[in-house]
Each structure stands twice: as structure tokens, then as C-alpha cells.
Amino acid sequence: MNYPIARRAATLSPSLTLAIDSKAKQMKADGLDVVGFGAGEPDFDTPQHIKDAAVKALADGFTKYTPSSGILELRQAIADKFQRENGLTYKPSQIIVSCGGKHSCFNVILSTCQEGDEVIIPAPYWLSYPEMVKLAGAKSVILSTSDRTEFKVTPEQLRGAITAKTRLFVLNSPSNPTGTVYTPDEIRILGDICVEKGVLIMSDEIYEHLLYDGAKHRSVASFSPAHLEHTIIVHGFAKAWSMTGWRLGFLAAPEPVAKAIDAVQSHSTSNPTSFAQKGAVAALTGSQEHLPRWLAEYDRRRTYAWQRLNTMPGVSCVSSKGAFYLFPNVSGTGLGSAEFCSRLLEQEKVAAVPGIAFGADDYIRISYATGLANIEKGLDRMDRFVRSLR
Ligand SMILES: *Cc1c(COP(=O)(O)O)cnc(C)c1O
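Residues numbered from 1 in each chain as written. Predicted model: local features only at pLDDT ≥ 70, side-chain atom pairs only at ≥ 80, totals over all residues. Heavy atoms only, no water.

Moving on: the site of the ligand. Gly101, Asp204, Tyr207, Lys239 and Arg247 are the nearest of the 13 residues found near the ligand. Separating an oxygen atom of the ligand from a side-chain N or O atom of Asn176 is a distance of 2.8 Å. With respect to the ligand, the side chain of Arg247 contributes an N or O atom lying 2.7 Å from an oxygen atom. For the ligand, whose unbound accessible area comes to 380 Å², protein coverage reaches 93%. In terms of residue class, the shell around the ligand is built from 5 nonpolar, 4 polar and 4 charged. (Near = heavy atom within 4 Å. Polar contact = N/O pair within 3.5 Å; in protein donor to acceptor, adjacent residues only side chain to side chain. Areas by Shrake-Rupley, 256 points an atom, 1.4 Å probe, with all protein chains shown as cover. Nonpolar A, V, L, I, M, F, W, Y, C, P; charged D, E, K, R; others polar.)

When its domains are assigned, the protein chain resolves into domain 1 (7-46 + 289-388) and domain 2 (49-285). The C-alpha centroid of domain 2 is placed 25 Å from the C-alpha centroid of domain 1. With 40 residues of domain 1 at the interface, the matching set in domain 2 holds 35 residues. Summing both partners gives a buried area of about 3200 Å² for domain 1 against domain 2, and 59% of it is carried by carbon and sulfur. If you sort the residues of domain 1 by the area they bury against domain 2, Thr46, Lys321 and Phe358 come out on top, with a joint share of 21%. Across the domain 1-domain 2 interface, the total number found is 2 salt bridges. Notably, a salt bridge pairs Arg302 with Asp213, separated by 2.8 Å at the nearest N-O pair. (Domains from an automatic or database assignment. Contact = heavy atoms within 4.5 Å. Buried area = accessible area lost by both parts, 1.4 Å probe. Salt bridge = Lys/Arg side-chain N within 4 Å of Asp/Glu carboxyl O.)

Our next topic: the packing of aromatic side chains. A complete count under the given rule lists 18 aromatic pairs for this structure. Ring centres of Phe151 and Phe327 lie 5.5 Å apart, and the angle between their planes is 75 degrees; on these two criteria the pair is classed as edge-to-face. Taken as a pair, Phe151 in the loop between strand 4 (139-144) and helix 7 (155-161) and Phe327 in the loop between strand 9 (325-326) and helix 13 (337-348) lie far apart in primary sequence, 176 residues in all. Accessibility expressed as a relative area gives 6% for Phe151, which makes it buried. By relative accessible area, Phe327 is classed as buried at 2%. Among the aromatic residues, those joined into a cluster by ring pairs are Phe44, Tyr207, Tyr212, Trp294, Tyr298, Phe324, Tyr325 and Tyr368. Of note, Arg218 hangs over the ring of Phe223, and the distance from its end group to the ring centre comes to 4.2 Å. Positioned above the aromatic ring of Phe62 is the side chain of Lys278, whose terminal nitrogen or guanidinium carbon lies 4.7 Å from the ring centre. (Phe/Tyr/Trp six-rings, centres within 6.5 Å; stacked < 30°, edge-to-face > 60°. Helix = DSSP H or I, 4+ residues; strand = E, 2+ residues; numbered from the N terminus. Buried < 20%, exposed > 50% of the residue type's maximum accessible area, 1.4 Å probe, protein only. Lys NZ or Arg CZ within 6 Å of the ring centre and 35° of its normal.)

See below:
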């Protein structure tokens with residue numbers, strides 16, 4: 001049978017981070033002692049009060065369809081979060097709860113972009129953005145950055161890339177894969193340009209709570225009413241509440257955009273899981289005391305890993321102030337990132353993600369969302385590996 005595979009599916013690259021993670025897990029299951037630096041998820045469990053709220057909802061029979069954009073109680077709690085933490089005023093009708101932050105990004109791109117449109121994406125980028133743009137039939141315009149500028153895109157780069165076809169500028173601070181955090185001033189200037197040129201910003205703020213070295217997060221939407229009107233914020237529960245498997249994200253958008261996104265969602269997934277939404281209400285309204293503990297632990301690992309990486313021959317790593325990733329430059333080893341990672345996995349049983357997946361072949365991504373003992377072991381092995389290349 002000659003199976004029909006649509007061009008939009010055939011031209012997609014499956015997520016390399018998920019593939020590496022599952023290969024490492026399979027090697028572990030086969031009894032091999034693998035150290036995984038590939039994970040894009042916290043190693044902590046979801047806080048108990050969040051689980052309890054979902055269990056109670058399930059026991060209470062909260063098991064039916066909800067409004068496709070999510071229950072009002074949760075959308076109100078999200079609007080309250082934006083007011084309290086970001087100084088942003090949204091009505092619940094501007095909030096859409098989706099099946100993960102990834103789904104929120106997908107909904108935004110699918111609802112605002114089509115054939116002939118351009119989407120500006122700074123590289124290194126989260127690998128799903130360009131694939132989503134492809135699915136929408138639009139074209140990605142990639143802005144390259146490097147460790148020399150802490151992976152930050154400049155105002156000149158952004159200005160030079162905007163054309164009459166530009167629909168979206170994708171901003172992700174703190175960043176996956178680099179951990180880069182733009183300063184409030186830098187964010188404001190990029191926002192000013194988009195406002196001036198009439199370009200919508202998709203601001204992925206899912207790592208806003210994971211900050212170190214006194215770094216501050218400031219949403220691009222918060223600088224003026226015009227900035228607010230030009231911004232869609234995407235966010236989710238996966239990272240700061242460790243709810244990756246729950247599949248719950250959310251977005252806040254100008255009213256007409258929110259309406260369009262709700263229509264798309266109503267014909268695809270409908271509502272996100274009913275009882276999971278009750279857990280999310282508890283995540284936002286309940287205790288946040290887990291967060292300082294997690295941050296202290298991440299920070300310890302970050303500092304250790306950063307120092308170790310910089311002692312390895314052929315490797316250099318700029319410090320990162322957010323998320324749970326380091327993005328060391330391995331070009332001094334003479335290997336491209338894909339070969340580096342596949343030999344590191346084979347030779348030393350250490351899984352890391354090649355930078356080429358994020359549009360930056362000189363680097364690899366190290367996730368420190370794993371215990372310090374594991375990090376020590378993995379970096380000992382990586383050190384041995386790069387020395388073996390000399
Ligand atoms: C993890 C992540 C998301 C969302 O993940 P979900 O599991 O779908 O909630 C969105 N953007 C970035 C940059 C991420 O790293």
C-alpha cells in the first residue's frame with residue numbers, strides 16, 4: 001500500500017531531544033550505566049498539594065468536558081498570577097489553557113501564521129518553534145547568535161530581519177537551550193521595535209521563575225499598553241511546578257487572537273484534562289515554598305557544572321542565569337555537535353543533546369535537572385572523553 005503522507009508531516013523532523021532521552025532510557029533499561037544530561041524536565045516530583053487537588057477532583061467526579069479554553073476558576077487564577085507577578089491586567093477571556101506550553105505555542109503559530117508569512121526566531125532556539133512554523137505553512141527567519149554575546153539577539157539584527165511579511169517574533173527568556181536571560185532594558189528595546197513595526201511577539205516565559213545570580217525576569221508585555229497589545233505570552237506548569245506529564249500550559253493574548261486560538265483548540269483537543277486543571281488551580285493558589293528549595297539545588301548544580309566544563313580542553317561555557325541548561329561550546333574539540341554527542345554516548349554512556357538540533361552546531365546542551373552525584377559522574381566521563389580526543 002502506498003500510504004498517503006502529507007507534505008506537512010513528511011517534512012517534519014521528529015523532536016531530537018525526545019529521541020535522545022528515549023535512547024538513553026532504553027540503554028538504562030538494557031542494564032547500561034547511562035548518565036542523562038538530555039532531559040528537558042525537572043527531576044523533582046510534583047508538589048503534594050497539587051496532586052491532592054487533582055485526586056480530589058477525580059474522586060468528586062470532576063471528569064467531564066469543560067469549556068475548551070479551560071475552567072473559569074483556572075483562567076481567573078492565571079489572570080490573577082499575571083496581575084500579581086507581572087503587573088499585567090488580563091480578563092479571563094484572554095486566557096487559554098492548553099495541553100502543555102508546547103501546545104500553546106502551536107496554537108499561537110497556527111492561529112496567526114499562514115503561507116507566505118515569516119516568523120523571526122533567534123538561534124539557538126527551542127527546537128519545536130521552526131517545525132511549528134513549517135506546519136503552519138509559514139517560513140522561519142533565523143537570527144544567529146553566539147556565546148560571544150551570551151546568545152542574545154541585537155536590536156539591529158531584529159530590525160534588519162523585519163519585512164512586510166513578518167507576523168511573529170519569538171522571544172524566549174530565560175532560554176531553552178542556552179539559559180540566557182535578557183535584561184529588562186534589552187527586552188524593552190526589542191519590544192519597542194516590534195511595536196513600531198506592528199509585529200506580534202510570542203513571548204515564551206515558561207522559565208520565568210528559574211533565575212540565578214540575582215537575574216530579573218520582566219515580561220515584554222509589561223512596558224506599555226502598546227507592548228501589551230503586541231504580545232502573546234505562552235507559559236505552562238511543566239517547569240516551575242514540575243508537571244511535565246500533566247500536559248497543561250496556558251497563554252494570554254489580545255482578545256481577537258485569544259478568540260481565534262480558542263476556535264482552533266475547540267476543534268482539535270477541546271479542553272485540557274478536567275481534573276488536571278483543578279491541580280493547576282492548586283499550583284497557582286497554593287504554597288510556592290517548593291520553589292526556593294528547587295532553585296537552591298539547581299543553582300548548586302549549575303555552578304558546579306559550569307566550573308567543571310570550563311576546565312575541559314576544547315570546551316568553554318558562558319555562565320547562564322536561567323532555566324536548567326548550560327550550553328558549552330565544544331568546537332575546540334574538532335567535532336561537530338552530532339558526532340560529539342553520539343560518540344560521548346557510545347564511549348562514555350553520557351547523553352547530551354547536540355546543538356545542531358537548536359540551530360547551533362558548535363555547542364551541546366547539558367541539562368542539570370538531575371542530581372549532583374549524577375552530574376559529577378557524567379562530567380568526569382565527559383572530561384575523560386574530551387581528553388581522549390587530543
Ligand atoms: C518545556 C518548554 C515548553 C513547554 O513544555 P510543555 O511540557 O509542553 O508544557 C515551552 N517552551 C520551552 C522553551 C520549553 O523548554
